[in-house]
Amino acid sequence: MILIWLIIVKKITDSDLLIFIFPIWWSGMPAILKGFIDRTFSKGYAYSYKGLLPTGHLKGKKGLDNYHERYSFILRSPGSKGLWKSS
């Protein structure tokens, strides 16, 4: 299991762009993907602390997922502005 994690971490480190495409389950990502992100992008690999402030280790990386792109598109669409104002 550790060997698989090391291979994944190496692939993430070597890449410039990470793309996550997944179905939306109850307005969020599937639990298996959330678990993967929680375990992979953890303290020590993705970030560490200098005093009280976190320091990122993956600077220069870009990420894209269908969840945030989908909702940012909805929030930017002209027809939805009236819905947000009225609620």
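These numbers come from a predicted model, not from an experiment.

1. Comments concerning the overall build of the chain
Here comes step 1: Regarding its fold elements, the chain presents 4 helices and 4 strands.
Here comes step 2: Every one of the 87 residues in the chain was classed for burial, and the buried ones make up 17%.
Here comes step 3: Considering only residue pairs separated by 6 or more positions, the chain has 57% of its internal contacts joining residues 24 or more positions apart.

2. Digging into the packing of aromatic side chains
Here comes step 1: For the structure on display, the rule yields 2 aromatic pairs.
Here comes step 2: Aromatic side chains Trp5 and Tyr45 sit 6.2 Å apart centroid to centroid with 75 degrees between the ring planes, which places their arrangement in the edge-to-face category. Taken together, the positions of Trp5 in helix α1 (residues 2–14) and Tyr45 in the loop between α2 (31–40) and β2 (47–50) put the pair 40 residues apart, joining distant regions of the chain.
Here comes step 3: With centroids separated by 5.9 Å and ring planes inclined at 90 degrees, the aromatic side chains of Tyr47 and Tyr49 adopt a geometry described as edge-to-face.
Here comes step 4: Under the relative-accessibility criterion, Tyr49 is labelled partly exposed at 44%.

3. Observations regarding the side chain of Thr40
Here comes step 1: Here Thr40 lies in helix α2.
Here comes step 2: You can call Thr40 buried: its relative accessible area is 1%.
Here comes step 3: In terms of polar contacts, Thr40 uses its side chain to reach the backbone carbonyl oxygen of Phe36, at 2.8 Å.

4. Focus: the nonpolar core
Here comes step 1: Core analysis: the biggest nonpolar cluster contains 5 residues, these being Val9, Ile12, Leu18, Tyr45 and Ala46.
Here comes step 2: Excluding residues that lie within four positions of it along the chain, Val9 makes contacts with Thr40 and Tyr45.

5. Some thoughts on the pattern of salt bridges
Note that side chains of opposite charge can pair when their charged atoms are close.
Here comes step 1: Taken as a whole and judged by the stated rule, the model has 2 salt bridges.
Here comes step 2: Here Asp14 ties to Lys10 by a salt bridge, and the two come within 2.7 Å at their closest N and O atoms. Taken together, the residues span about one helical turn, with Asp14 and Lys10 both in helix α1 at a distance of 4 residues. For the pair shown, Asp14 and Lys10 are each scored as exposed.
Here comes step 3: The salt bridge partner of Asp38 is Lys34, with a shortest N-O separation of 2.9 Å. With Asp38 and Lys34 both in helix α2, this residue pair falls 4 residues apart, about one helical turn.

6. Here we look at a nonpolar patch on the surface
Here comes step 1: Together, Leu17, Ile19, Ile21 and Leu64 make up an exposed nonpolar region whose accessible area comes to about 400 Å².
Here comes step 2: Residue position: Ile19 is located in strand β1 (residues 17–20).

Conventions and cut-offs
- Each chain carries its own residue numbering, running from 1 in the direction its sequence is written.
- Whole-chain, interface and lining totals are the exception, using all residues; otherwise, since this is a predicted model, local features are given only for residues with pLDDT of at least 70 and side-chain atom pairs are given and counted only at 80 or more.
- Note that water and hydrogens are dropped before the side-chain values are worked out from all heavy atoms of the structure.
- The secondary structure listing takes helices from DSSP runs of H or I that are at least 4 residues long and strands from runs of E that are at least 2 residues long, numbered from the N terminus.
- Exposure classes here rest on a 1.4 Å probe applied to the protein chains alone. A residue is buried below 20% of its type maximum, exposed above 50%, and partly exposed in between.
- Between two residues, a contact is recorded if the distance between any of their heavy atoms is within 4.5 Å.
- Two aromatic rings from Phe, Tyr or Trp, using only the six-membered ring of Trp, form a pair when their centres are within 6.5 Å; if the ring planes differ by under 30 degrees the pair is stacked, by over 60 it is edge-to-face, and anything between is tilted.
- For the purposes of these results, a polar contact is taken to be a pair of N or O atoms within 3.5 Å, where, inside protein, one atom must be able to donate a hydrogen and its partner to accept one; residues adjacent in sequence count only when each atom of the pair is a side-chain atom.
- Joining through side-chain atoms within 4.5 Å is the link that ties buried Ala, Val, Leu, Ile, Met, Phe, Trp, Tyr and Cys residues into a set, and such a set is a nonpolar core.
- The working definition used for a salt bridge is a side-chain nitrogen of Lys or Arg within 4 Å of a carboxyl oxygen of Asp or Glu.
- Patch definition: residues above 30% relative accessible area lacking any salt bridge, with like charges linked at up to 9 Å and the nonpolar side chains Val, Leu, Ile, Met, Phe, Trp and Tyr linked at up to 5 Å.
- The method behind every accessible area is Shrake-Rupley, applied with a 1.4 Å probe, and residues are considered shielded solely by the protein chains displayed.

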